Amino acid sequence: MSEDWKAADAEKTLGSAAKTSGAGEAAFGAAKTAGAEENLDSAAKTSGAGETVAELINASLVYQEPERETPAVERCSFEVKKGELLSLVGPSGCGKTSVLSMLAGIVKPSSGSVLVSGKPPDPRDNQTGYMLQRDHLLDWRTIEDNVLLGLEVKGRLNDETREYALSLLDKCALSAFGGHYPRQLSGGMRQKAALVRTLAFSPELLLLDEPFSALDYQQRLLLSAEVHSIIKRGGYTAVLVTHDISEAIAMGDRIIVFSSRPARVRREIAVELGGGPMERRTDPRFNAYFDLVWGELEGGADNAR
Ligand SMILES: Nc1ncnc2c1ncn2[C@@H]1O[C@H](COP(=O)(O)OP(=O)(O)OP(=O)(O)O)[C@@H](O)[C@H]1O
Ligand SMILES: [Mg+2]
């Protein structure tokens, strides 16, 4: 079966409500059509619409270097709603990290705008918590000291913030390891400690860039379920970049599928599966979502050829 047919089949299986927002590139482009507005509305509904925490509005990013220009992101528009976990998937090197860097305020869009809580993000505001693929824990500090380090450096360590950070360690079942050094922990535990360090700031927006990719498959499944539960129970708003389609579906309330570089929004898919990642993976509709995302990624690669 060709990938297009698989995708069409997947759409049928999911039915119209659970399907997608249908909001592809055209819907988010400069000239929005009435139909696209409706699609955006339905996307918002399916994602449990609330207050917008972050948005890209026709945002493009071109890296300027003396010897070359690299267009990384092209006219991207999407929103992240309060309490939502948004998955971003796209081909390798398409510009996913660049999108997160714009949301973190580390780089400014070349055109269009990026807003977090209604204004251009400034990394000094600590509005966003950025968690990377590697945990960047300091080997010579204990887990507890690592977790408190960010607060300490930013001059925000006080009784209240310390208590909050330690309660997060407890939620991640790491309390007993507070006095241990990073080398004494497994890869999954280290990633959890890095997550606690990021959450200790109570960021309005949590940015996760392939946070599980250094882990083996089993650790990855367990940790993604745990992180999903922490994010949901804590009411955090998060954007997760992953190249793993299953992870995007298992974790996300919504998925944005990007094209090859420069990243454009190919499709926005509302994931209407309940429960945590483990339940979702065994849901009979899971494969249909997989085919849908896969079909979009394949289509994007074809267009780039
Ligand atoms: N600071 C930079 N200066 C110049 N070019 C950059 C910079 N950061 C990224 N790029 C280029 O922008 C493009 C997109 O990179 P980016 O890291 O955003 O992609 P990605 O989708 O996150 O990739 P991966 O799947 O490998 O994580 C790449 O061609 C990359 O070489
Ligand atoms: Mg990346």
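Everything below is about the structure printed above this text.
In this text, all values refer to a predicted model and were calculated from it rather than measured experimentally.

What counts as what
Residues numbered from 1 in each chain as written. Chains lettered and ligands numbered in written order. Predicted model: local features only at pLDDT ≥ 70, side-chain atom pairs only at ≥ 80, totals over all residues. Axes fitted to C-alpha atoms, helices over the stretch in contact; angles between N-to-C directions. Helix = DSSP H or I, 4+ residues; strand = E, 2+ residues; numbered from the N terminus. Parallel < 35°, antiparallel > 145°, perpendicular 65-115°, else oblique. Left-handed = near helix turned anticlockwise from the far one by under 90°. Contact = placed C-beta atoms within 7 Å. Nonpolar A, V, L, I, M, F, W, Y, C, P; charged D, E, K, R; others polar. Pairing = 2+ DSSP bridges. Near = placed C-beta within 6 Å. Core = buried A, V, L, I, M, F, W, Y, C linked by C-beta atoms within 7 Å. Buried ≥ 20, exposed ≤ 12 C-beta atoms within 10 Å, placed from the backbone. Domains from an automatic or database assignment. Right-handed = clockwise from strand over helix to strand, strands pointing away. Expected span 1.5 Å × (residues − 1). Arc of directions from axis to C-beta.

Colleague: I would appreciate a short explanation of the packing of helix α5 (residues 143–153) against helix α6 (residues 159–171) in the present structure.
Modeller: Packed helices, taken two at a time, are described by the angle their axes make and the gap between the axes. At a minimum axis separation of 10 Å, α5 and α6 run at an interaxial angle of 150 degrees. With respect to each other, α5 and α6 are oriented roughly antiparallel. As for the relative orientation of α5 and α6, their crossing is right-handed in sense. Every residue of α6 that contacts α5 at Val147, Leu148 and Leu151 is listed here: Thr161, Arg162, Ala165 and Leu169. Here the contact of α5 with α6 is built from residues that sort into 5 nonpolar, 1 polar and 1 charged.

Colleague: I'm lost on the sheet that holds strand β6 (residues 205–209) in this one. Help?
Modeller: Strand order in this open sheet of 6 strands is β5-β6-β7-β3-β8-β9, and the pairing throughout is mixed. The sheet terminates laterally at β5 (128–131) and β9 (265–270), the two strands that pair on one side only. Across this sheet, the average inter-strand angle for adjacent strands is 15 degrees, counted without regard to direction. Together, β3 (85–89), β5, β6, β7 (238–241) and β8 (254–258) form the strand contacts of helix α4 (residues 96–104), whose direction differs from that of β6 by roughly 155 degrees. Helix α7 (residues 187–199) rests against β5 and β6 of the sheet, and its axis sits at about 165 degrees to β5.

Colleague: In this structure, what is going on with the site of ligand 1? I would like to understand it.
Modeller: Residues in contact with ligand 1 amount to 14 residues; listed here are only the nearest, Tyr63, Ala72, Lys96, Thr97 and Ser98. Considering every element that reaches the shell around ligand 1, the biggest residue donor is α4, with 3 residues. Looking at the shell around ligand 1 residue by residue, the classes come out as 3 nonpolar, 8 polar and 3 charged.

Colleague: Where do I start with the nonpolar core in this structure?
Modeller: Here is a general trend for soluble globular proteins: nonpolar side chains tend to be buried in one another's company. Judged by nonpolar contacts, the single largest core of 74 residues is most densely connected at Leu103, Val196, Val239 and Val293. Residue contributions to this core peak at 6 residues, all from α7. Among the domains, domain 1 (3–127 + 204–304) and domain 2 (136–202) are the pair contributing at least three residues each to this core. Apart from the residues lying within four places of it in its own chain, the contact partners of Val239 are Val80, Leu86, Leu88, Leu100, Leu103, Leu205, Leu207 and Leu208.

Colleague: How should I be thinking about the sheet that holds strand β2 (residues 69–81) in this particular structure?
Modeller: Paired through backbone hydrogen bonds, the strands of a sheet run either parallel or antiparallel to each other. With respect to topology, 3 strands assemble into an open sheet ordered β2-β1-β4, the strand pairing being antiparallel. Only two strands of the sheet have a single neighbouring strand rather than two, namely β2 and β4 (111–116). For this sheet, the mean inter-axis angle between neighbouring strands, taken without regard to orientation, is 20 degrees. Looking at chain direction, strand β1 (residues 52–64) and β4 are connected through 5 bridges and run antiparallel. Each bridged residue has a counterpart across the sheet, and for Leu56 the counterpart in β4 is Val114.

Colleague: Looking at this structure, I do not really get the pairing of β7. What am I missing?
Modeller: Within a regular beta strand, the side chains point alternately toward one face of the sheet and then the other, so they alternate between its two faces. Residue alternation in β7 divides its side chains into two sets, Ala238 and Leu240 and Val239 and Val241, and both sets are buried. Looking at chain direction, β6 and β7 are connected through 4 bridges and run parallel. Bridge pairing links Leu207 to Val239 in β7. For the crossover that starts at β6, traverses helix α8 (residues 217–234) and ends in the parallel β7, the hand is right-handed.

Colleague: How do you make sense of the packing of α5 against α7 when you look at a structure like this?
Modeller: At a closest axis distance of 7 Å, the pairing of α5 and α7 adopts a crossing angle of 35 degrees. As α5 runs across α7, the sense of the crossing is right-handed. Residues Ile143, Asn146, Val147, Leu149 and Gly150 of α5 pack against Ala193, Val196 and Arg197 of α7. Looking at side-chain class alone, the contact of α5 with α7 contains 5 nonpolar, 2 polar and 1 charged residues.

Colleague: What is the right way to read α6 from this model?
Modeller: Note on helix geometry: an α-helix contains 3.6 residues per turn, so any two residues three or four positions apart are oriented the same way. For α6, built from 13 residues, the straight-helix expectation of 18 Å at 1.5 Å per residue is met to within 8% by its first-to-last C-alpha distance of 18 Å. Buried within α6 we find Ala165, Leu168 and Leu169. Viewed end-on, α6 has its buried residues packed into an arc of 105 degrees, placing them on one side of the element. Turned more than 90 degrees away from the buried face of α6, the exposed residues are Asp159, Glu160 and Glu163. Residues of α6 that are buried make contact with α5 and α7. Once α6 finishes, Ala173 follows within two positions and takes phi at roughly 55 degrees, a positive value.

Colleague: Would you mind showing me how to read the environment of Pro120 here?
Modeller: Following the sequence through the fold, Pro120 ends up in the loop between β4 and β5. The spacing of Pro120 and Met102 is 18 residues in sequence and 9.2 Å in space, taken between C-alpha atoms. For Pro120, the contacting residues outside a window of four places in its chain are Gly105, Ser113, Val114 and Leu115.

Structural measurements only, silent on function.
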